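Structural characterization, general
Spelled out, the chains give:
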Amino acid sequence: THCVSGCVCPPNQVLDGKGGCTAPEDCPCVHNGNSYSPGESIRVGCNNCTCRNRKWHCSEESCLETCSVYGDGHYTTFDGKRFDFEGDCEYVLVQNYCGQQGMNQGTFRVITENIPCGTTGTTCSKSIKVFLGVSIFFNNFDGHSDVIQRTPGGKMPFQIRSMGIYLVVDTTVGLILMWDKKTSIFIKLSPSFQGHVCGLCGNYDGNGNNDFTTRSQSVVGNVLEFANSWKVSSSCPNANRTKDPCTANPYRKAWAQKQCSIITSEVFAKCHTQIEPNEYYQACVDDACACDTGGDCECFCTAVAAYAEACNELDICISWRTPSICPLFCDYYN
């Protein structure tokens, strides 16, 4: 019904924001600036939320949080802290061998090996190792997966499966690892480990401000001091800050900016209000400038795919690949 007398609604009705009146129970719910009608559902994390009587009613599932590493050393911790680090060594991404627990009390450790992927000193993650318990060692390198060591006669504490472009490792300890067999790694961890892990992925305590916790359990403000403390071998040199790749390779800057502008374009408009695109755009530009020894498409495509994956985590599926932009041979993956 329309409002009357200068937009005053009849008793038991309220303005609907569109020049009309409606019953209070028919009012929409709002999420991230978008309105949803009664009965509509959205997904927030791993929970479903339904609009009823102007309020969201959500399921209360415990959600796995994600730590991601992609491209030229771009990290996002379980608690959402973003940082860049370029070190040429093996580093602990996450483990539950922390603090006073000692080295014999944990159940898992994930290690990444970083290698140079450009002439400017940039490095990319090229292999991933997963240690489960004390005797099982799982290694990925250049698309190959091998169980190097296992408990004699024991049941394997993980399963390996393919999901599109990703290799997925499902473990029995509450850890899921996704790897694109190139430079992107996504680690999902059960809430039971909150506050009980350490490494480059942070401590997973819900507070991103203390994620720069070193191996000696000191909270520092310097990313180099933090990240260098998590190198596996003391014989590796400490990483230093590298030159800005677009300054080192100015001839690639305009190309990189043009290619990466897809992240801030209308293609990803549905995701912009949910996830700030500028940091992903800048990371894309840096990677596209840095990959000057081949692999142009791999570096650019991986950077865009990282933003698409973050959107997908919020159930915002973006169809951004085309025959001319990072195509996939779907028949092969299907």
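Residues numbered from 1 in each chain as written. Predicted model: local features only at pLDDT ≥ 70, side-chain atom pairs only at ≥ 80, totals over all residues. Heavy atoms only, no water.

- An unreviewed UniProt entry lists the protein under the name VWFD domain-containing protein, with Cathartes aura as the source organism.

1. Remarks on the overall build of the protein
- Helix and strand content of the protein: 7 helices and 19 strands.
- When the 334 residues of the protein are sorted by exposure, 46% land in the buried category. (Helix = DSSP H or I, 4+ residues; strand = E, 2+ residues; numbered from the N terminus. Buried < 20%, exposed > 50% of the residue type's maximum accessible area, 1.4 Å probe, protein only.)

2. Some details on the pattern of salt bridges
- The full count for this structure, using the stated rule, is 4 salt bridges.
- Notably, a salt bridge pairs glutamate 279 with arginine 82, separated by 2.8 Å at the nearest N-O pair. Taken together, the residues glutamate 279 in helix α5 (residues 278–290) and arginine 82 in strand β10 (residues 82–84) connect sequence positions 197 residues apart.
- Residue arginine 82 is classed as partly exposed on the basis of its relative accessible area of 25%. (Salt bridge = Lys/Arg side-chain N within 4 Å of Asp/Glu carboxyl O.)

3. Some words on the nonpolar core
- Within the largest apolar cluster, 41 residues are counted, with the highest numbers of intra-cluster contacts made by Leu93, Val94, Val110, Leu177, Ile187, Leu189 and Leu200.
- For this core, the secondary-structure elements that each account for two or more residues are β8 (65–70), β11 (90–95), β12 (108–116), β13 (123–132), β18 (175–179), β19 (185–189) and α1 (223–228).
- Those residues in contact with leucine 200 that lie beyond four places of it in its chain are Tyr75, Thr77, Phe83, Tyr91, Val92, Leu93, Phe226, Ala227 and Trp230. (Core = buried A, V, L, I, M, F, W, Y, C linked by side-chain atoms within 4.5 Å. Contact = heavy atoms within 4.5 Å.)

4. A few points about the packing of aromatic side chains
- Within the structure shown, the criterion is met by 12 aromatic pairs.
- Seen in terms of ring centroids, phenylalanine 85 and tyrosine 91 are 5.2 Å apart; in terms of plane orientation they differ by 90 degrees. Their pairing is edge-to-face. Here phenylalanine 85 matches tyrosine 91 in class, with each residue buried.
- Look at tyrosine 166 and phenylalanine 186: their rings are 5.9 Å apart centre to centre, the planes differ by 75 degrees, and that puts the pair in the edge-to-face class. Taken as a pair, tyrosine 166 in strand β17 (residues 166–171) and phenylalanine 186 in strand β19 lie far apart in primary sequence, 20 residues in all. Neither tyrosine 166 nor phenylalanine 186 differs from the other in exposure class; each is buried. (Phe/Tyr/Trp six-rings, centres within 6.5 Å; stacked < 30°, edge-to-face > 60°.)

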